[in-house]
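Fold and geometry: a report
One letter stands for each residue in the lines below.
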Amino acid sequence: MNTDTFARREFIKYGLISSLFLLSGCATSEKKLALRGVPNSFPSEFFNSLSTNWEFLPIKDIELKKFSYNSTFQEKTDLLVLNDGWISDLSINSLQEIKANSIRNNFSKQTSSFLDGLGEDYKKKLLPLAVSPWVILFRNEDSLALKNKNSWEVIFSSSLANQIVFPNSPYLLISIAHKLDLVNDFSKIKSQAKSFDDRNALNWVTSGRANAAVLPLSSCVDSLTKDPRLSVLLPKEGSPLNWTVLASPSQSTAYFPTDWFDSLWGATYLSRVIRKGFLPTTDLSDLRRKNINVPQKYQSIFLPEESVWNKCWSLPILSFEMKKDLALHWNNS
């Protein structure tokens, strides 16, 4: 037998086998399920806890003025993670129901109240993943001579006049005003504003250009635990809640990964996620029975007392016209 011919045949055979393995690898990669979301808007544990048949694909163009979450559906997307402020941007007909009854059956009263505020259509097609309270962040609090330090009334301290960065959301600010019995005159809040800029609120405070800011706990927690000049308040009247939700596009054929939800809020990740300012969508009384390692100084912020947590509120979804009317009401007051 000609050994050269044999060698060539073996070479070709092993080459074909190698090619098949490569093609198989590519096919496996292409079959990965896609979770899309905005980087840095939720902790890395959210996607690190995903099983290996999922991959996280970042949304990078959210800063564009004409950005729409609906545009992400033009690319492969099996799950979308977003903040509740963007929900009305989603076309309800582009979403499918997320059943996950084993998860929904364990939702807390706060979570159920939030879903009720979305209306029946969105209620079935969105799944709350985590929640973070809006808080007041201070810089050099001890030097500010604050009054009513446990209440939203603290924002009216004279040392905070023209020194607070508020979110650019009339809806959220009016909800806070109502807690303070300010129904139609919002000038008292406006006089305390340095700016209305939720995206850059943290930077305003850490740079010293403002003395305080109203923002979600999850947005400031890293700086809070590292910078001794900073402190934070969750007011005794409760606070608006900032929800992180999941949506599934109609074209996806993927089953909802209930094991991921269980993993995220299981023993491995639970403390880490809470230390980043997020709370689970289940009853918080269950957490208080566990040994959650959070900074002692902010124990009542990371794990709110039931008396405060029960007073927190979610903002029901509004139509475009209702948002427009609220903005007009705010601007004219």
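Fair warning: this is a prediction, and the values are worked out from it, not measured in the lab.

Considering the nonpolar core
Membership of the largest hydrophobic core comes to 73 residues, with the highest contact counts inside it found for Leu-35, Leu-126, Leu-127, Trp-265 and Ile-274. With seven residues, the single largest contributor to this core is strand E4 (residues 126–139). Contact partners of Trp-265, with chain neighbours within four places excluded, come to Leu-129, Ala-130, Leu-270, Val-273, Ile-274, Phe-278, Leu-279 and Pro-280.

Some remarks on the packing of helix H6 (residues 170–179) against helix H15 (residues 320–332)
One way to put it is that H6 packs onto H15 with a least axis distance of 9 Å and a crossing angle of 60°. Classified by the angle their axes make, H6 and H15 are oblique. Here H6 runs over H15; the crossing is left-handed. Residue-level inspection shows Pro-170, Tyr-171, Leu-173 and Ile-174 of H6 in contact with H15, the latter providing Leu-326, Ala-327, His-329 and Trp-330.

A look at helix H9 (residues 217–226)
Considered for burial, the residues of H9 that qualify are Leu-217, Ser-218, Cys-220, Val-221 and Leu-224. Buried residues of H9, viewed axially, fall in a sector of 155°; they line one side. Turning to H9, the residues buried within the fold contact E4, helix H8 (201–206), strand E7 (212–216), strand E8 (230–233), helix H11 (270–275) and helix H13 (299–302).

So, unusual backbone geometry
Backbone geometry at Ala-145 places phi at a positive 50°, although glycine is not the residue there. In this model, Asp-181 sits at a positive phi of 60°, which is unusual for a non-glycine residue. Checked against the element boundaries, Asp-181 lands in the loop between H6 and helix H7 (187–190). Judged by its relative accessible area of 66%, Asp-181 falls in the exposed class.

Examining the packing of aromatic side chains
Across all of its chains, the model carries nine aromatic pairs by this definition. Ring geometry for Phe-42 and Phe-46: centres 5.4 Å apart, planes at 15°, overall stacked. Each member of the pair, Phe-42 as well as Phe-46, is classed as buried. An aromatic cluster of at least three residues, connected via ring pairs, comprises Phe-42, Phe-46, Phe-47, Phe-56 and Phe-278. Here Lys-190 stacks its cationic end above the ring of Trp-330, 5.1 Å away from the centre of that ring.

With respect to the pattern of salt bridges
When charged atoms on two side chains of opposite charge get close, those side chains can pair. A complete count under the given rule lists seven salt bridges for this structure. For Arg-229, the salt bridge identified is with Asp-227, shortest N-O distance 2.7 Å. For Arg-229, a relative accessible area of 32% corresponds to the partly exposed category. You can call Asp-227 buried: its relative accessible area is 14%.

Structural notes on the environment of Arg-209
By the element assignment, Arg-209 lies in the loop between H8 and E7. Using a relative accessible area of 39% as the deciding quantity, one classes Arg-209 as partly exposed. When the C-alpha positions of Arg-209 and Lys-194 are compared, they lie 8.8 Å apart, and in sequence the two are 15 residues distant. In contact with Arg-209, other than residues within four places in its own chain, are Gln-163, Lys-194, Asn-203 and Trp-204.

Considerations on the side chain of Arg-139
Assignment of secondary structure puts Arg-139 in strand E4. An unpaired buried charge is present at Arg-139: no salt bridge exists, and Asp-227, the closest side chain of opposite charge, is 5.9 Å distant. Residues within four places of Arg-139 in sequence aside, it is in contact with Leu-144, Val-205, Thr-206, Gly-208, Ala-210, Asn-211, Arg-229 and Leu-230.

A few points about the side chain of Ser-252
Locating Ser-252 in the fold gives a position in the loop between strand E9 (241–247) and helix H10 (258–264). Residue class for Ser-252 comes out buried when judged on its relative accessible area of 7%. Sequence-distant contacts of Ser-252, defined by excluding residues within four places in its chain, comprise Thr-77, Asp-78 and Gln-96.

Basis of the calculations
- Residues numbered from 1 in each chain as written.
- Predicted model: local features only at pLDDT ≥ 70, side-chain atom pairs only at ≥ 80, totals over all residues.
- Heavy atoms only, no water.
- Core = buried A, V, L, I, M, F, W, Y, C linked by side-chain atoms within 4.5 Å.
- Buried < 20%, exposed > 50% of the residue type's maximum accessible area, 1.4 Å probe, protein only.
- Helix = DSSP H or I, 4+ residues; strand = E, 2+ residues; numbered from the N terminus.
- Contact = heavy atoms within 4.5 Å.
- Axes fitted to C-alpha atoms, helices over the stretch in contact; angles between N-to-C directions.
- Parallel < 35°, antiparallel > 145°, perpendicular 65-115°, else oblique.
- Left-handed = near helix turned anticlockwise from the far one by under 90°.
- Arc of directions from axis to C-beta.
- Phe/Tyr/Trp six-rings, centres within 6.5 Å; stacked < 30°, edge-to-face > 60°.
- Lys NZ or Arg CZ within 6 Å of the ring centre and 35° of its normal.
- Salt bridge = Lys/Arg side-chain N within 4 Å of Asp/Glu carboxyl O.
- Lys, Arg positive; Asp, Glu negative; His and termini not counted.

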